[in-house]
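What follows is each chain in one-letter form.
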Amino acid sequence: MNRNIAIDGPAGAGKSTIARRVASSLGAVYVDTGAMYRAMALYFLRQGIKADDSDAISRAAEGADVTIEYRDGEQRVILGGEDVTPYLRTEEVGNMASVSSTNGDVRAKLVELQRRLAANTAVVMDGRDIGTVVLPDAMLKIYLTASVAVRAARRVKELVEKGENPDPARVAAEIEERDHRDMNREISPLRRAEDAVLVDSSDLSVGEVTETILKLYRERLNHPRVIVAKTAGFCFGVRKAVDKVYEAAGNGTPIYTFGPIIHNHEVVADLEKRGVKVINSVDELEDLKEGTVIIRSHGVSRAVYERIENAGLSIIDATCPFVKRIHRIVEQESAGGSQIVIIGNAGHPEVEGIVGWSVTPASVVGTPEEAGRLRLDPGKPVCIVSQTTFNTIKFQELVDILKCYGYNINVVNTICSATRERQEEARSIASQVDMMIVIGDRTSSNSAKLYDICRSECVDTLFIQTRNDLTRNLAGGEKVIGITAGASTPKNIIEEVQNYVYAGRREF
Ligand code: DC
């Protein structure tokens, strides 16, 4: 894990003073990126380029030879072999830098230099886009700010100490103007990174701000870094189905769900407390006198609808629209003479439901062996669909095997977008972390697939149902831990795991 600290914020917030102090306390290297933009600006001024001539700035950017050296621990900015550090902090250079730093060619060049500086050593880097663009993986990001009035007062004091006689109103207006330019430029505008800690220095001394940042740094070292998948938890189809059951519960009539509404013990138990009963087979329907049967997001076969209706019960259909679409495809294609192949896990309720919409017997294929064994009528077209939560890569592998037999195949990839996004994100997170946690019920097929995907990227992947399964001591090293969860895992369970992992301290 890197130990870089990114400090961003508007002009005059005290970034360089603070960053220098923090770096010195930690024995890290302080990188003042503003000075680099100023050195470029000095180069443009020396070339006689006007601030409003963006073409000339772009053309000249390539020729500017800016490098950084450290002498006695101090950053020196070298322009074409000359140490220009003493000439950078003038109003003229600052104003030019404010404009030329909006230029894409200038930024591309300096961002590359800044990343190189941080690649092999721990840095405390300050600027406007460090947490958002230059070092998005920084271990700690700070957004350091202060009110315009405070920043203007500090600047006025600085100028008075230099023997100048500034106009406070003008100084404040200039600060506002710079803020506006920094925050509204097209490329890399100044903004707080989502994971940056906001530190307002208006009422704090330099020492207090430094201590605040050092404390945050020590805390980060104590905690594992945690990346939680944005797609973790309920997908749209599951949320809608669960909402429908909660809505229906308590409306007076007996409520049944055909199978547990989701593969999750906690939610099913909570609904049971609200009087919602689970029916596990069509035979149980015969014993019911009245009430409403809710069809869950997995869907059911056409025959099940008929049995419910024949039993005189009402239906609330919470079948996921993505599953419903597969039912329609299978019904139409099979009626049109196609042989149906469903890529999915035989026995999974969603797959059983889909099978039940084919007017001719459908085949289910879940493994390469099953695909290799399958024998279809070569004289009839074949329509291949997929269980919505199947692994996208495995789906393609199985389709490729089936294609080897020369059938006339129509492939409809019905893996839903929520599954695809969840799997892609899980794969990407698992490839970056030391340990991955997948939260899902043991019976949840999509969670099991997430586990397989994560496991292929990260050997240390755990599959847990709730926080109670997490018996491992998570303390012990600067770990990066990833968390994702299946489409049927409720938010509160994910949060409990998250909190437990965040709290996994190690001695410092
Ligand atoms: O922080 P400073 O005043 O020395 O910065 C000089 C100019 O460079 C300022 O107008 C903002 C710009 N800058 C930038 O665009 N991105 C950075 N990372 C640092 C500074």
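These figures come from a predicted structure and were not determined experimentally.

Taken together, four strands build an open sheet; the order of strands is β11-β10-β12-β13 and the sheet is parallel. Each edge of the sheet is formed by a strand with only one pairing partner; in this case those strands are β11 (276-279) and β13 (314-317). For this sheet, the mean angle separating the axes of adjacent strands, direction not counted, is 30°. Inspection of the sheet shows strand β12 (residues 292-295) paired to β13 by four bridges, in the parallel sense. Paired with Thr292 across the bridge in β13 is Ser314.

For the ligand, the set of nearby residues contains 15 residues, the closest of which are Arg38, Arg107, Arg128, Asp129 and Arg185. Arg128 is positioned with one of its side-chain polar atoms (N or O) 3.0 Å from an oxygen atom of the ligand. With respect to the ligand, the side chain of Arg185 contributes an N or O atom lying 2.8 Å from an oxygen atom. Within the complex, 95% of the 440 Å² of free accessible area of the ligand lies under protein. For the shell around the ligand, the elements supplying multiple residues, two or more each, are α2 (33-46) and α4 (91-100).

With domains assigned, the protein is organised as domain 1 (1-28 + 124-221), domain 2 (31-121), domain 3 (322-415) and domain 4 (421-503). The centre of domain 1, based on its C-alpha atoms, is set 58 Å off from the matching centre of domain 3.

With that settled, consider helix α5 (residues 104-119). Over its 16 residues, α5 runs 22 Å from end to end, which matches the ideal 22 Å to within 8%, given 1.5 Å per residue. Three or more residues of α5 are buried, namely Val106, Arg107, Leu110, Val111, Leu113, Gln114 and Ala118. Taken around the axis of α5, the buried residues stretch over an arc of 165°, which confines them to a single face. Turned more than 90 degrees away from the buried face of α5, the exposed residues are Ala108, Arg116 and Ala119.

Okay, unusual backbone geometry next. Here Asp72, not a glycine, exhibits a phi torsion of approximately 50°, which is positive. Looking at the element boundaries, Asp72 is found in the loop between β3 (66-71) and β4 (74-79). A positive phi is found at Ser188, a non-glycine position, where the angle reads about 45°.

On to the sheet that holds strand β16 (residues 382-386), then. Taking strand neighbours across the sheet as the criterion, the four strands line up as β15-β14-β16-β17 in an open arrangement whose pairing is parallel. Of all strands in the sheet, those bounded by a partner on one side alone are β15 (363-365) and β17 (409-411). Adjacent strand axes in the sheet meet at a mean angle of 25°, parallel and antiparallel pairs treated alike. For strand β14 (residues 339-343) and β16, the ladder comprises five bridges, and the chain directions are parallel. In the sheet register, Val341 faces β16, and the bridge partner there is Ile384. Along the sheet, helix α13 (residues 321-335) contacts β14, β16 and β17; its crossing angle with β16, the most-contacted strand, is approximately 170°.

Bringing the nonpolar core into the picture now. Residues Met40, Phe44, Val77, Val106, Met125 and Leu135 are the most contacted members of the largest nonpolar core, which totals 37 residues. For this core, the elements supplying multiple residues, two or more each, are α2, α3 (54-61), β3, β4, α4, α5, β6 (123-127) and α6 (130-134). If you tally residues by element for this core, the top one is α2, at nine residues. Lining this core are residues from two domains, each supplying at least three of them: domain 1 (1-28 + 124-221) and domain 2 (31-121). When near neighbours in sequence (up to four residues on either side) are disregarded, Phe44 contacts Ile49, Ile57, Ala60, Ala61, Met96, Ser100 and Val106. Counting residues in hydrophobic clusters, the runner-up holds 28 residues, among them Met435, Ile493, Val497 and Val501.

Let us look at the packing of aromatic side chains. A full pass over the atoms with the stated rule returns five aromatic pairs. Here the aromatic rings of Tyr305 and Trp357 are separated by 5.8 Å at their centres, their planes lie at 75°, and the arrangement is edge-to-face. Of this pair, Tyr305 sits in helix α12 (residues 302-310) while Trp357 sits in the loop between α14 (349-355) and β15, placing them 52 residues apart in sequence. Trp357 matches Tyr305 in its accessibility class, with the two residues each being buried. Ring centres of Tyr451 and Phe463 lie 5.6 Å apart, and the angle between their planes is 15°; this geometry places the pair in the stacked category. With Tyr451 in helix α18 (residues 445-457) and Phe463 in strand β19 (residues 461-464), this residue pair connects regions lying 12 residues apart in the sequence. You can call Phe463 buried: its relative accessible area is 14%. Over the ring of Phe463 we find Arg442; its NZ or CZ atom is 4.7 Å from the centre of that ring.

Each value, and the rule that gives it
- Residues numbered from 1 in each chain as written.
- Predicted model: local features only at pLDDT ≥ 70, side-chain atom pairs only at ≥ 80, totals over all residues.
- Heavy atoms only, no water.
- Pairing = 2+ DSSP bridges.
- Helix = DSSP H or I, 4+ residues; strand = E, 2+ residues; numbered from the N terminus.
- Axes fitted to C-alpha atoms, helices over the stretch in contact; angles between N-to-C directions.
- Near = heavy atom within 4 Å.
- Polar contact = N/O pair within 3.5 Å; in protein donor to acceptor, adjacent residues only side chain to side chain.
- Areas by Shrake-Rupley, 256 points an atom, 1.4 Å probe, with all protein chains shown as cover.
- Domains from an automatic or database assignment.
- Expected span 1.5 Å × (residues − 1).
- Buried < 20%, exposed > 50% of the residue type's maximum accessible area, 1.4 Å probe, protein only.
- Arc of directions from axis to C-beta.
- Contact = heavy atoms within 4.5 Å.
- Core = buried A, V, L, I, M, F, W, Y, C linked by side-chain atoms within 4.5 Å.
- Phe/Tyr/Trp six-rings, centres within 6.5 Å; stacked < 30°, edge-to-face > 60°.
- Lys NZ or Arg CZ within 6 Å of the ring centre and 35° of its normal.

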